[in-house]
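Architecture at a glance
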Amino acid sequence: MNILLINGPNLNLLGMREPEIYGNKTLNDIEKDLTKVAQEKNVNLECFQSNHEGEIVDKIQDSVKSIQGILINAGALTHTSISLRDALIGSKIPFVELHISNIFSREEFRKESFLTDKAIGIISGFGFTSYFLALEGIIEFLN
């Protein structure tokens with residue numbers, strides 16, 4: 001089973017950016033730990049991060065024939081990107097939307113997601129554990 005983890009804009013700043021909200025682990029730390037868990041479950045996890053919407057859209061489109069599931073923390077694109085939504089819908093790859101913080105307890109504009117209604121599930125507010133919960137969810141769904 002091949003799963004793609006996508007992290008959107010500014011998630012490369014984890015560990016430095018607003019640690020009171022996002023914690024002190026880096027994206028590299030999360031990817032290493034998540035890859036280890038995936039390997040233990042006989043899952044190949046590919047990790048991708050970009051600050052550029054078009055690169056993320058391209059990655060989704062390029063994954064249609066090789067990826068069975070997507071975990072996505074789209075960052076701010078969650079609340080703004082119709083092209084990301086369309087790429088996910090068009091790919092027909094099941095995906096789990098995930099967030100480190102509870103987006104529903106933050107600013108009003110963060111409560112709206114262009115992805116939630118098309119995701120198989122959403123994990124929000126469990127800190128870095130959100131990634132591990134999302135991985136468990138997509139594996140269970142695909143099995």
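Overview of the structure. (Residues numbered from 1 in each chain as written. Predicted model: local features only at pLDDT ≥ 70, side-chain atom pairs only at ≥ 80, totals over all residues. Heavy atoms only, no water.)

Examining the side chain of serine 130
Within the secondary structure layout, serine 130 lies in helix H5 (residues 129-142). Judged by its relative accessible area of 0%, serine 130 falls in the buried class. (Helix = DSSP H or I, 4+ residues; strand = E, 2+ residues; numbered from the N terminus. Buried < 20%, exposed > 50% of the residue type's maximum accessible area, 1.4 Å probe, protein only.)

Some points on helix H4 (residues 82-91)
Of all the positions in H4, only Leu84, Arg85, Ala87, Leu88 and Ser91 are classed as buried. Taken around the axis of H4, the buried residues stretch over an arc of 160°, which confines them to a single face. Buried residues along H4 sit against helix H3 (53-62), strand E3 (69-73) and strand E4 (95-99). Following H4 by one or two positions, lysine 92 adopts a phi angle in the positive range, close to 60°. (Arc of directions from axis to C-beta. Contact = heavy atoms within 4.5 Å.)

Considerations on H3
Considered for burial, the residues of H3 that qualify are Ile56, Val57, Lys59 and Ile60. Within H3, the buried residues cover an arc of 160° as seen down the axis, which keeps them to one side. For H3, the elements touching its buried residues are strand E1 (2-7), strand E2 (44-49), E3 and H4.

Some details on the nonpolar core
Ranked by internal contacts, the top residues of the largest apolar core, which has 21 residues, are Ile3, Leu14, Leu34, Leu71, Tyr131, Leu135 and Ile138. One finds Ile72, Ile93, Phe95 and Leu115 within the second-largest nonpolar core, a separate group that totals 18 residues. (Core = buried A, V, L, I, M, F, W, Y, C linked by side-chain atoms within 4.5 Å.)

Examining the packing of helix H2 (residues 27-40) against H5
Between two packed helices, the angle of one axis relative to the other and the distance separating the axes together describe the packing. Where H2 meets H5, the axes come as close as 10 Å, and the angle between the chain directions of the two elements is 30°. Looking at the two axes, H2 sits roughly parallel to H5. Where H2 crosses over H5, the handedness of that crossing is right-handed. Where H2 approaches H5, its residues Ile30, Asp33, Leu34, Val37 and Ala38 are matched on the opposing element by Tyr131, Phe132 and Leu135. For the contact of H2 with H5, the class distribution of residues is seven nonpolar, no polar and one charged. (Axes fitted to C-alpha atoms, helices over the stretch in contact; angles between N-to-C directions. Parallel < 35°, antiparallel > 145°, perpendicular 65-115°, else oblique. Left-handed = near helix turned anticlockwise from the far one by under 90°. Nonpolar A, V, L, I, M, F, W, Y, C, P; charged D, E, K, R; others polar.)

All we've got here are geometric facts, nothing functional implied.
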